[in-house]
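Chain by chain, the residues run as shown.
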Amino acid sequence: MHFPKFFLSASGLASGALRGFGSPSSCASFSPRALPGVSVSAATYYPENVPVRISTPYTSIDSSNLRAFCRLELVIVTNETAGSYANTEIWLPDAWNGRVLTIGNGGFAGGVDVLNLGHVALPQGFAGISTNTGHNATVLDGSWAGPGNDNALVDYGWRALHLSVLTGKEVIKQYYRRAPKPSYYMGCSTGALKEIELSPESFDGVIIGAPASRLSRLMAWVNYRLLAVLPETSPRFITADLWTNVIGPAVMKRCDALDGLADGIVSNPWACDFRPETLSCSPGQDTTTCLTAHQVAALRRLYADYYLGPGRTLVSRGYTLGGESMYFSALGNQPIEASADWYRYMVLNDTKWTNDDYNDTTYQIADAINPGQINAIDPNLLTFSSPPHNGRLMHYVGLMDQFIAPDNSADHFLHAHAYARGHSTHGAEDFYALYPIPGMAHWCGGHGASVMGALFQPPPPTYDAERNILAAMVRWVEEGVAPSTLVATKYVDDTNPGKGVAFTRPLCRFPWTPQFRGGNPNDARSFECV
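Just so it is clear, the structure is predicted and the values come from calculations on it, not from any experiment. (Residues numbered from 1 in each chain as written. Predicted model: local features only at pLDDT ≥ 70, side-chain atom pairs only at ≥ 80, totals over all residues. Heavy atoms only, no water.)

## What about helix α14 (residues 469-479)?
Two residues of an α-helix separated by three or four positions point the same way, owing to the 3.6 residues in each turn.
Logical step 1: For α14, the complete set of buried residues consists of Ile469, Leu470, Ala471, Ala472, Met473, Val474 and Trp476.
Logical step 2: Phi turns positive, to about 75 degrees, at Gly480, one or two residues after α14. (Buried < 20%, exposed > 50% of the residue type's maximum accessible area, 1.4 Å probe, protein only. Helix = DSSP H or I, 4+ residues; strand = E, 2+ residues; numbered from the N terminus.)

## Thoughts on the state of the cysteines
Logical step 1: The final tally for this structure, using the stated rule, is four disulfides.
Logical step 2: With a sulfur-sulfur separation of 2.0 Å, Cys27 is cross-linked through a disulfide to Cys70. The sign of the S-S torsion, about 75 degrees, decides the handedness of the disulfide formed by Cys27 and Cys70: right-handed. Of this pair, Cys27 sits in helix α2 (residues 24-29) while Cys70 is found in strand β4 (residues 69-79), placing the two residues 43 residues apart along the sequence. (Disulfide = S-S within 2.5 Å.)

## Focus: empty space enclosed by the protein
Logical step 1: All told, the structure shown has five cavities of 30 Å³ or more when counted by the stated rule.
Logical step 2: Taken as a whole, the largest cavity encloses approximately 280 Å³ of empty space.
Logical step 3: Forming the walls of the largest cavity are 28 residues, and the residues nearest its centre are Leu161, Tyr185, Thr190, Gly191 and Ala192.
Logical step 4: Listed by contribution, the elements that provide at least two residues to the lining of the largest cavity are α4 (150-176), β8 (183-188), α5 (192-198) and β9 (205-209).
Logical step 5: No other element matches the five residues that α4 contributes to the lining of the largest cavity.
Logical step 6: Classifying every residue of the lining of the largest cavity gives 13 nonpolar, twelve polar and three charged. (1 Å grid on protein atoms, 1.4 Å probe; cavity = no way out; pocket = protein on both sides within 12 Å on 5 of 7 lines; lining within 4 Å. Points joined across faces, edges and corners; volume = space filled by probe spheres on them. Nonpolar A, V, L, I, M, F, W, Y, C, P; charged D, E, K, R; others polar.)

## So, the packing of helix α10 (residues 337-347) against helix α11 (residues 360-369)
Logical step 1: Where α10 contacts α11, the two axes come as close as 11 Å, and the packing angle between them is 55 degrees. The orientation of α10 with respect to α11, classified from their angle, is oblique. In this structure, the crossing between α10 and α11 has a hand that is left-handed. Facing Trp342, Tyr343 and Val347 of α10, the residues of α11 in contact are Thr362, Tyr363, Ile365, Ala366 and Ile369. (Axes fitted to C-alpha atoms, helices over the stretch in contact; angles between N-to-C directions. Parallel < 35°, antiparallel > 145°, perpendicular 65-115°, else oblique. Left-handed = near helix turned anticlockwise from the far one by under 90°. Contact = heavy atoms within 4.5 Å.)

## A short note on helix α8 (residues 293-303)
Logical step 1: For α8, the set of buried residues is Gln295, Val296, Ala298, Leu299, Leu302 and Tyr303. Down the axis, α8 shows its buried residues gathered within 160 degrees of arc, on one side only.
Logical step 2: Taken together, the buried residues of α8 touch α6 (215-229), α7 (240-255) and α9 (324-327). (Arc of directions from axis to C-beta.)

## Some remarks on the nonpolar core
Logical step 1: Counting 62 residues, the largest nonpolar core has Tyr303 and Trp342 as its most contacted members.
Logical step 2: Secondary-structure elements contributing two or more residues to this core are α4, α6, α7, α8, β10 (306-308), α10 and α11.
Logical step 3: For this core, the element with the most residues is α6, which contributes ten residues.
Logical step 4: If sequence neighbours within four positions are ignored, Trp342 has contacts with Phe108, Leu215, Ser216, Met219, Val347, Ala366, Pro371 and Ile374.
Logical step 5: Among the nonpolar cores identified, the runner-up in size contains 49 residues, and Leu13, Trp91, Met394 and Met473 belong to it. (Core = buried A, V, L, I, M, F, W, Y, C linked by side-chain atoms within 4.5 Å.)

Given below as structure tokens:
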């Protein structure tokens, strides 16, 4: 991804940066001291505005407009007995702002996130840390985990990130001769919530997007929803055309204008009472324009919450109304290999297992095993959030998320809120801000306004605390100014922000939602959070 240089001038967070530490010689000669099990495999200095072309199994970057920095590639031993290690990189800008930003991974990613080190951390003056979580693989490939590679699962589940954060902070301290402070985290899907549980002092401010906080339940829901519609030869299969031309328009007709504006974006799906039965075929009706009884039943199953057994254990919330244009991408005619690999290599050690073999017992086994201890479900965030640490958490989720049901994010916030109320004098709203984003898919994208400085997004028009979630977090942690409404941007072309802004929308803190109050519908100031 390539962005015009003026979009990368993150002057707000980089202002007052400490200069003069970086140089080709200091980068090339750097060697960490008193860090057993840590070695530098490469040190490369990049002057300002030279071509930077780096690829990993997770992301790649091809840019000629980055600030000068030193790229340290580390090997960190994670288990000496097993001979396991993680590849971790630390990017050290010459113009350092004194802070550190750890970039998280998503899915089964086994690669350093060089894209977001370059497009999020560096432009804003942060020293950046990212790890391959102890293996090399793409986001959807879980074959590295087995069968029976429990040590690699522990690295993936928490250990590689934890050791990378500890090591990274010390390396940054030695390089700049000053300890980084504060420490921030930004990631999507997997990562930081487990680190908060295990080591609350690791981060002062955490920004998470659509977290897979209980991966065992997420993978169960993936298979549950696949079995609701697959195979494509079954009478229950819902084609892409039906999602686009029948279901989507019907949901929009029922739900879109509830926020006061018919703009193709559902801002308050919880207020909508759409019923799939209204799309049932009449006798003799063209089945490309309606849903059969089998398809109606499948659609109801996708929107409904997934409960298990007589005790009604909640496994996952269902799809949210308004994301119909995205859902087929997670329900198409090919099973999602990531969910299959989860059971093949991480749970059952059965390489012949397929999605068709899934049942409730399979989920129960996975939840009991909790491979790599990756599940992060403890509602007690008080050690992280209370004095003396006073950690802060900002959480966003797209309401069109096709991979992780958005209402699971609401549940995480509400559980943390209930625990805080029951065990302290404050609620989660004092340290935890949740932002549902209308019209945004998983991580990023979609047809709504979602650009606000998060990972895998084009940069925001400005880096102030209203339009840049990282700046909002810095202000909350360092100045005590809690965030309220953010402003998200939709570009005319999200791959080329230079073409201009199409519209902006407010991002409201949960449980508030945006309501159009009149005026210019393309201006966030025409909305209020209610």
